[in-house]
Amino acid sequence: MKMMPASSSDGVYATVVTKKCLERVLNELTDLVYPRRCPICDRVLNRDEQRKLICLECENKPVYIHSPYCLKCGKQLSDPDEEYCEDCRKRKHSFVRGMALYDYSSIRMSMYRFKYSGRAEYAEFYGREITTAFGSLFRKWGIEAIVPIPMYSGKERMRGYNQAEKLAESIGVESGIPVYSGLVKRTKNTKPMKLLGVGERTANLKNAFIMASNDVKFNKVLLVDDIFTTGATIDAVADTLMDAGVSYVYYVALSIGTG
Ligand SMILES: [Zn+2]
Ligand SMILES: [Zn+2]
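Residues numbered from 1 in each chain as written. Chains lettered and ligands numbered in written order. Predicted model: local features only at pLDDT ≥ 70, side-chain atom pairs only at ≥ 80, totals over all residues. Heavy atoms only, no water.

Caption draft 1: Examining the coordination of the zinc ion (ligand 1) more closely. Donor atoms from the polypeptide that coordinate the zinc ion (ligand 1) comprise Cys38 (SG), Cys41 (SG), Cys55 (SG) and Cys58 (SG), at 2.3 Å from the metal. Classification of the site at the zinc ion (ligand 1) as tetrahedral follows from its four donor atoms and the range of 99 to 114 degrees in their angles at the metal. Considered as a linear motif, the donors of the zinc ion (ligand 1) on their single chain read C-x2-C-x13-C-x2-C. A single burial state applies to Cys55 and to Cys58, both of which are buried. (Donors = N, O, S within 2.8 Å, 3.2 Å for Na, K, Ca; no water. Tetrahedral: all angles 85-135°; square planar, octahedral: opposite > 155°, others 65-115°. Buried < 20%, exposed > 50% of the residue type's maximum accessible area, 1.4 Å probe, protein only.)

Structure follows, in structure tokens:
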């Protein structure tokens, strides 16, 4: 066999290979220290599953909201002849309309870990899922800015992060729409909404949000939250944005209750 003399391009090739090897080793070390987990069952993902960010057993577990759904709030409907859910027929919302990705009950445990157990990493999978499902809708709506529902600063310090903000950032990366996390601030630590009736929810949220800047030039904004319950929080933030000159507020949530 004839040996070819070593050329300078071999040297460049060798450098590239070494760099790639180093990157791979670093990535593997990071995975060892911070193993990526399945957002549904929390099991550490194997190499084949890492690309999908979900384990093979759980791929079909989250239940998607599907047609027919409420044309206002996105809640699952059972009757295809209905256009709006009972809540939206009764009550006027401040947002134009919104969509939710999953039936809350199918990802309840995941949502708990995402909020309370430091699993901010789930945002990467969920943001990707939301953008895959609704990215073209966001473009059709003409969304100029993504704004997460803010968390009270003291609470955020305790938890370490605001899960809605993590989700918004992930949607921003996937969709290319800019995210403005500090645009709206929550000025008081409102009581958990699930403990309150509809009237109390509105009172609880009164003056809970302010604009960090009144120099807002967006016309169409997308609010992001992890869960949609009655929409009272979304409405309160939408009102704050509209007082500052935003014309149309939409929302997207990772999950929504069926009831
Ligand atoms: Zn799993
Ligand atoms: Zn509705």
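Now, onward.
Caption draft 2: Representation of helix H7 (residues 163-175) in the model. Compared with an ideal rise of 1.5 Å per residue, which puts 13 residues at 18 Å, H7 spans 18 Å between its outermost C-alpha atoms and is within 8% of the ideal. Looking at the buried residues of H7, the elements they touch are helix H4 (108-116), helix H5 (122-141), strand S2 (145-148), helix H6 (153-159), strand S5 (220-228) and strand S6 (248-256). Taking the backbone nitrogen of Ala164 as reference, a side-chain oxygen 2.9 Å away marks Asn162 as the first, capping residue of H7. Residue Gly176 follows H7 closely and has a positive phi angle near 80 degrees. (Helix = DSSP H or I, 4+ residues; strand = E, 2+ residues; numbered from the N terminus. Expected span 1.5 Å × (residues − 1). Contact = heavy atoms within 4.5 Å. Polar contact = N/O pair within 3.5 Å; in protein donor to acceptor, adjacent residues only side chain to side chain.)

Caption draft 3: Broad picture of the nonpolar core. Among the nonpolar cores identified, the biggest contains 35 residues, and Leu183, Val184, Leu223, Phe228, Leu241 and Tyr251 are the most heavily contacted of them. Per-element tally for this core: the top contributor is helix H9 (residues 232-243), with six residues. Of all hydrophobic cores here, the second largest spans 33 residues; its members include Met111, Tyr126, Ile177 and Val252. (Core = buried A, V, L, I, M, F, W, Y, C linked by side-chain atoms within 4.5 Å.)

Caption draft 4: The arrangement of the packing of H5 against H7 in detail. In the contact formed by H5 and H7, the axes pass within 8 Å of each other and the chain directions differ by 55 degrees. Considering the angle they form, H5 stands oblique to H7. As H5 runs across H7, the sense of the crossing is right-handed. Along the contact surface, H5 presents Ala123, Glu124, Tyr126, Gly127, Arg128, Ile130, Thr131 and Phe138, while H7 presents Lys166, Leu167, Ser170, Ile171, Glu174 and Ser175. (Axes fitted to C-alpha atoms, helices over the stretch in contact; angles between N-to-C directions. Parallel < 35°, antiparallel > 145°, perpendicular 65-115°, else oblique. Left-handed = near helix turned anticlockwise from the far one by under 90°.)

Caption draft 5: Region of interest: the sheet that holds S2. If you walk across this open sheet you meet the four strands as S1-S6-S5-S2, and the pairing is parallel. Edge positions in the sheet fall to strand S1 (98-103) and S2, since each has one partner strand and no second. Direction aside, the axes of adjacent strands within the sheet are offset by 20 degrees on average. For S5 and S6, the ladder comprises eight bridges, and the chain directions are parallel. Bridge pairing links Phe228 to Ile256 in S6. Along the sheet face, H5 touches S1, S5 and S6 and points at about 155 degrees away from the line of S1. Each of S2, S5 and S6 touches H7; the most contacted strand, S5, lies at about 130 degrees to it. (Pairing = 2+ DSSP bridges.)

Caption draft 6: Quick look at the coordination of the zinc ion (ligand 2). Here the zinc ion (ligand 2) is held by the protein donor atoms Cys70 (SG), Cys73 (SG), Cys85 (SG) and Cys88 (SG), which lie 2.3 Å from it. For the zinc ion (ligand 2), the four donor atoms in the first shell make angles of 104 to 116 degrees at the metal, so the coordination geometry reads as tetrahedral. Written as a sequence motif, the donor residues of the zinc ion (ligand 2) are C-x2-C-x11-C-x2-C. Taken together, the residues Cys73 in the loop between helix H2 (47-50) and helix H3 (86-90) and Cys88 in helix H3 connect sequence positions 15 residues apart.

Caption draft 7: Main features of the environment of Ser94. Tracing the backbone shows Ser94 in the loop between H3 and S1. A distance of 2.6 Å separates the side chain of Ser94 from the side chain of Asp239, its partner in a polar contact.

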